[in-house]
Amino acid sequence: MNKYGGLLIHQSYDEQGLIEVIDTKGIRSLHFGNDAQQSSVQLSHPYQLYLRYTQTLMSWLLFKPIINDVLMIGLGGGTLANYFLYHFDDCNVKVVEYRPNVLKIARSHFGLPLKESRLKTLIADGSDYLRKQSTHDEGRYPLMIIDAFDSQGMSDAVTHSAFFDHCKSALNQEGLLVINLWKTDKALYEKISWDLQQVFHERVLFLPVEGRDNVIAFAFNDGFQPLNFKSLIKQTYQLQQSHFLDFPLYLKKLKTNNPTTFKKIVLS
C-alpha cells in the first residue's frame, strides 16, 4: 500500500493514535498518522543522521565535545540513540518514551538494539519521570535531549515551566539541555522560549533548522563556563571531519541568531 509518497510497511494503533512506518527510495520514516516524519533513517547508512533537524541538534558538540552520560526524553525511531551508541563508545544512554509501541517499532524496524549494556529504555511520561526523579537524579546528567512530539506537534508534557525546572535539577552544574521546538504554533513557541529563558537565567541559544519549522534550543546551566570563540572555530572543523556535519555553519548561525546571549556563552 502506498502512503505519503512511499510504501507502507507497518501500521498499528495505540491509545495515542496511529503509528506508521514508510519506506521511500531507501529512506525509512516513522509517522504518527500524518505526513510529518517523526524519525527517518537511510537504510544504507543506518548510523548517520538523515533528517536536517537531528543533524542541527548535534550542534551541542560545539559546547561539550566529550560526553559519557545522556538522558533523552522521546525516542521516536531511535535514530539519535543509535547515533550515540555508535559514535560515542563510552557514552551511556537513557531514553524515556511514553508509548510502548514506539519502543517496539524502534527495535523491529529502525535497528534499536534490544540488548545493549550502555542503553536503558523506560516507558513513562517524561514530565512525570523528571518530577519524581528530580531528587534522586539531581545534578547527574551533563546532557539532556528533549525531542517529544505527537501527531499534533510538541507534546503537552514539555510545554510548561515546571518541566524545565525539573530538567535543570537533573542536569549537573555545567550541564546542557537541548530541545527540539516547533514554530508552527507561534504562541506556544514563544511561551516555551520565554519559560526556558526564565528557568535558565537567559542563558539559552536558539538555532533555526534551515528550511524547516524546527528550532533547536540550547539551555546552559548556571555552572557552565564560557568558551573561547577562536578555539570554537578550530573545533568546528575537527567536528566536521569526524561527524560529516556542517559545524562551521551551525556556529555562524548561533552567533548571528543570538547576538546578545551568545556573548554570555562564548567569549570573543
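Preceding this section is the structure that the text describes.
Calculation criteria
Residues numbered from 1 in each chain as written. Predicted model: local features only at pLDDT ≥ 70, side-chain atom pairs only at ≥ 80, totals over all residues. Heavy atoms only, no water. Helix = DSSP H or I, 4+ residues; strand = E, 2+ residues; numbered from the N terminus. Rg over C-alpha atoms; globule rule 2.2 N^0.38 Å. Contact = heavy atoms within 4.5 Å. Lys, Arg positive; Asp, Glu negative; His and termini not counted. Charge placed at Lys NZ, Arg CZ, Asp CG, Glu CD. Pairing = 2+ DSSP bridges. Axes fitted to C-alpha atoms, helices over the stretch in contact; angles between N-to-C directions. Parallel < 35°, antiparallel > 145°, perpendicular 65-115°, else oblique. Left-handed = near helix turned anticlockwise from the far one by under 90°. Nonpolar A, V, L, I, M, F, W, Y, C, P; charged D, E, K, R; others polar. Buried < 20%, exposed > 50% of the residue type's maximum accessible area, 1.4 Å probe, protein only. Core = buried A, V, L, I, M, F, W, Y, C linked by side-chain atoms within 4.5 Å. Phe/Tyr/Trp six-rings, centres within 6.5 Å; stacked < 30°, edge-to-face > 60°.

In terms of helices and strands, the chain carries nine helices and 16 strands. Against the globule reference of 18 Å for 268 residues, the chain gives a C-alpha radius of gyration of 18 Å, in line with a compact fold. By principal-axis analysis of the C-alpha atoms, the chain measures approximately 55 × 40 × 40 Å. Within the chain, residue pairs in contact and separated by at least 24 positions form 65% of the contacts whose partners lie at least 6 positions apart. In the chain, 28 side chains carry a positive charge and 27 a negative one; their mean positions are 6 Å apart.

It is worth spelling out the sheet that holds strand S7 (residues 92-97) at this point. Pairing within the open sheet is mixed, and its seven strands lie in the order S8-S7-S6-S9-S12-S14-S13. Sheet topology places strand S8 (119-123) and strand S13 (204-208) at the edges, where each strand pairs with a single neighbour. Pairwise comparison of adjacent strand axes, ignoring direction, gives a mean angle of 15 degrees for this sheet. Pairing of S13 with strand S14 (residues 214-220) involves five bridges; the strand directions are antiparallel. Note that in S14 the partner of Val 204 across the bridge is Ala 219.

The next subject is the packing of helix H4 (residues 126-133) against helix H5 (residues 161-170). Contact pair H4 / H5: the axes reach a minimum separation of 9 Å and the direction vectors enclose 50 degrees. Taken together, the axes of H4 and H5 lie oblique to each other. As for how H4 packs across H5, the hand of that crossing is left-handed. Here Gly 126, Ser 127, Leu 130 and Arg 131 of H4 lie close against H5, whose contacting residues are Phe 163, His 166, Cys 167 and Ala 170. In terms of residue class, the contact of H4 with H5 is made up of four nonpolar, three polar and one charged.

Either a parallel or an antiparallel arrangement is found when strands of a sheet pair, and the pairing is made through backbone hydrogen bonds. Spatial ordering of the open sheet is given by S1-S2-S3-S4-S5, a layout of five strands whose pairing is antiparallel. Two strands close off the open sheet at either side, each with one partner strand: strand S1 (2-3) and strand S5 (39-42). In this structure, strand S3 (residues 17-24) lies alongside strand S4 (residues 27-31), joined through five bridges in antiparallel fashion. Counterpart to Val 21 in the pairing with S4 is Leu 30. Against the sheet, helix H3 (residues 100-109) engages strand S2 (6-14), S3 and S4, with an angle of about 150 degrees to S2.

The residue Gln 133 is located in helix H4 in this model. For Gln 133 and Leu 227, which are 94 residues apart along the polypeptide, the C-alpha to C-alpha distance reads 30 Å.

On to the pairing of S3. A large share of S3 lies buried, amounting to six of its eight residues. Here seven bridges tie S2 to S3, and the two strands are oriented antiparallel to one another. Paired with Gln 11 across the bridge in S3 is Glu 20. From the end of S2 to the start of S3, which pair antiparallel, there are two residues. The turn joining S3 and S4, which pair antiparallel and follow one another in sequence, is formed by two residues; a positive phi near 50 degrees is taken by Lys 25.

So, about the nonpolar core. Burial of nonpolar side chains together is a common tendency in soluble globular proteins. Trp 60, Phe 63, Phe 84, Val 93, Ile 145 and Phe 218 are the most contacted members of the largest nonpolar core, which totals 48 residues. The greatest single-element share of this core, amounting to five residues, is contributed by helix H2 (residues 79-87). One finds Phe 164, Tyr 189, Val 204 and Ala 219 within the second-largest nonpolar core, a separate group that totals 31 residues.

Turning next to the packing of aromatic side chains. Counted by the stated rule, this structure contains ten aromatic pairs. Look at Tyr 47 and Tyr 86: their rings are 4.4 Å apart centre to centre, the planes differ by 5 degrees, and that puts the pair in the stacked class. Placement of Tyr 47 in the loop between S5 and helix H1 (52-57) and of Tyr 86 in helix H2 is noted, with a sequence separation of 39 residues between them. Between Trp 60 and Phe 84 the ring centres are 5.6 Å apart and the planes differ by 5 degrees, which places this aromatic pair in the stacked class. Taken as a pair, Trp 60 in the loop between H1 and strand S6 (69-73) and Phe 84 in helix H2 lie far apart in primary sequence, 24 residues in all. Residues Trp 60 and Phe 84 agree in their burial class; the two are buried. Members of the aromatic cluster, connected to one another through ring pairs, are Phe 63, Phe 218, Phe 220 and Phe 224.

Glancing now at the packing of H5 against helix H6 (residues 186-199). Geometry of a packed helix pair, given as the angle between the helix axes and the separation of the axes. Orientation of H5 relative to H6, taken along the N-to-C sense of each, is 40 degrees, at an axis distance of 9 Å. Accordingly, the angle class assigned to the pair H5 and H6 is oblique. Crossing hand, H5 versus H6: right-handed. Between H5, through Ser 161, Phe 164, Asp 165 and Lys 168, and H6, the contact on the second element is made entirely by Lys 191, Ile 192, Asp 195, Leu 196 and Val 199.

Don't take any of this as a statement about function, it's just geometry.
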